[in-house]
Amino acid sequence: MKKRHLGKSGLEVSAVGLGCMSMSPDYYGAADEQESIRTLHFALDIGVNFWDTANVYGGGHNEKLLSQVLRERRDEVVLATKFGFVRTEQGLVGVNGRPDYLKEQCDLSLQRLGVDHIDLYYLHRVDAAVPIEETVGAMAELVQAGKVRHLGLSEVSGATLRRAHAVHPIAAVQSEYSLWSRDIEAEVFPACRELGVGIVPYSPLGRGFLTGQIKSPDDFAPDDFRKGLPRFQGENFQLNLDLVRELEAMAQERGVKASQLALAWVLAQGDDIVPIPGTTKRANLQDNANAADLVLSPDDLHRINAIAEKTAGQRYGEYALKFTNL
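In the annotation of an unreviewed UniProt entry, the entry for the protein chain reads Aldo/keto reductase, and the organism field reads Tumebacillus flagellatus.

Following this line, the structure appears as structure tokens:
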């Protein structure tokens, strides 16, 4: 597996990481825990060492799941987790960036993960009620205490990133980014590159849609949260399915899969970009890892860009969009 550096942080990770959210029965329907554990071990076996989780995934289940592998292979993993969302029995109910809360959540994550430090600790979403300087200042204290090695932010604007970076170096910004989610290119990319901050795209396969494995709304489990996203509803679904069919046709010409073409496109947008596609299956993980070796020509990129322009619908509903790019 090829390696990449997250900006100027000195943090070196596999060129393709692993998003672990779908390994918990929370957002994408049921998950096979034993298969997930096998997939985690397999990830390390093939060099995919950059793992991403969060305190709210599965209400803490996801971090506990990873701990079963970390107890044996901690030194092989570059471990990222997040805090910020507040979750109750009713689901996600808001964001909290206060110093006392984040310090409490860091300790809880360390306990669930069974580790003594977190390699990359993200603010999951910005708390509009707390100055970013106050939140990042408290996160910096975690670095000083040895509990955290590097700091990250998720779904922030370029302006917020600059303010945060002035308090303590930010290693990475994690935001949704794929050939059909490109809003961060205009402002966030330039800020990251100006400051030497790595870019970590989540959902680089369009929440699975760009793999070509989703053919009908009936393919989703009843509790799959994607059913509530604009791109997966009504006319948008069919228009986006047509887009994926074009991508699949192009992939067939190259003798690869649509998912690999989509990931290779993300990787081609800069050496400072490390996507973290999620999967629970070893075969999919191998396909994702192989995408790091796929080289796209200028003509390939032009064709994919033209396909991407046909994307229909927003990536989130109006409520969730209020917490993005703040």
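Right, picking up where we left off after that structure.
Engineer: Just checking my understanding: could you explain the packing of helix α2 (residues 61–73) against helix α3 (residues 99–113) for this structure?
Structural biologist: Each packed pair of helices is defined by two parameters, the angle between the axes and the distance between the axes. Contact geometry of α2 with α3 gives a least axis separation of 7 Å together with a crossing angle of 50 degrees. Between α2 and α3, the interaxial angle falls into the category oblique. Contacts between α2 and α3 involve E63, K64, L66, S67 and L70 from the first element and S109, R112 and L113 from the second. Classifying every residue of the contact of α2 with α3 gives three nonpolar, two polar and three charged.

Engineer: Can you help me understand the nonpolar core in this one?
Structural biologist: One broad trend across soluble globular proteins is that nonpolar side chains are buried collectively. Among the nonpolar cores identified, the biggest contains 94 residues, and F50, W51, L161 and L179 are the most heavily contacted of them. With residues up to four places along the chain from it excluded, the contact list for W51 reads L18, C20, L40, A43, L44, L66, V69, L70, V77, V78, L79 and A80. Formed by seven residues, the second largest nonpolar core is a distinct cluster that contains M21, Y57, V95 and F323.

Engineer: Sorry, what's going on with the sheet that holds strand β4 (residues 50–52) here?
Structural biologist: Within the open sheet, the seven strands sit side by side as β3-β4-β5-β8-β9-β10-β11. Their pairing is parallel. Edge strands, defined here as strands with exactly one partner in the open sheet, are β3 (18–19) and β11 (198–202). Note that strand β8 (residues 118–123) and strand β9 (residues 148–154) share five bridges and pair parallel. Directly across from Y121, in β9, lies its bridge partner L151. Sitting on the sheet, α3 touches β5 (78–83), β8 and β9, and the angle it makes with β8 is about 140 degrees.

Engineer: Whenever I open this one, the packing of aromatic side chains confuses me. Can you help?
Structural biologist: By convention here, two paired aromatic rings are described through the distance between centres and the angle between planes. By the definition in use, this model includes seven aromatic pairs. Summarising the aromatic geometry, the rings of W180 and F232 are spaced 6.2 Å apart at their centres and angled 80 degrees between planes, so their arrangement reads as edge-to-face. Of this pair, W180 sits in the loop between β10 (170–176) and α6 (188–195) while F232 sits in the loop between β11 and α7 (234–254), and the two are 52 residues apart along the sequence. For W180, a relative accessible area of 4% corresponds to the buried category. Ring pairing ties together the aromatic residues W180, F209, F232 and F237, which thus form one cluster. In this structure, R231 is placed above the aromatic ring of W180, and the distance from its NZ or CZ to the ring centre is 4.9 Å.

Engineer: I tried to follow the pattern of salt bridges on my own but got confused; where do I start?
Structural biologist: Should the charged atoms of two oppositely charged side chains come close, the side chains can pair. This structure, assessed with the given rule, holds 26 salt bridges. One salt bridge in this structure joins R282 and E35, with 3.0 Å as the shortest N-O distance. Linking R282 in helix α9 (residues 282–290) with E35 in helix α1 (residues 33–45), this pair joins segments that are 247 residues apart in sequence. Linking R162 and E194 is a salt bridge whose minimum nitrogen-to-oxygen distance equals 2.8 Å. In this pair, R162 sits in helix α5 (residues 158–167) while E194 sits in helix α6, placing the two residues 32 residues apart along the sequence. For E194, a relative accessible area of 48% gives the class partly exposed. Among the charged side chains, a network of salt bridges with common partners joins E155, E176, D183, R207 and R315.

Criteria and cut-off values
- Residues numbered from 1 in each chain as written.
- Predicted model: local features only at pLDDT ≥ 70, side-chain atom pairs only at ≥ 80, totals over all residues.
- Heavy atoms only, no water.
- Axes fitted to C-alpha atoms, helices over the stretch in contact; angles between N-to-C directions.
- Helix = DSSP H or I, 4+ residues; strand = E, 2+ residues; numbered from the N terminus.
- Parallel < 35°, antiparallel > 145°, perpendicular 65-115°, else oblique.
- Contact = heavy atoms within 4.5 Å.
- Nonpolar A, V, L, I, M, F, W, Y, C, P; charged D, E, K, R; others polar.
- Core = buried A, V, L, I, M, F, W, Y, C linked by side-chain atoms within 4.5 Å.
- Buried < 20%, exposed > 50% of the residue type's maximum accessible area, 1.4 Å probe, protein only.
- Pairing = 2+ DSSP bridges.
- Phe/Tyr/Trp six-rings, centres within 6.5 Å; stacked < 30°, edge-to-face > 60°.
- Lys NZ or Arg CZ within 6 Å of the ring centre and 35° of its normal.
- Salt bridge = Lys/Arg side-chain N within 4 Å of Asp/Glu carboxyl O.

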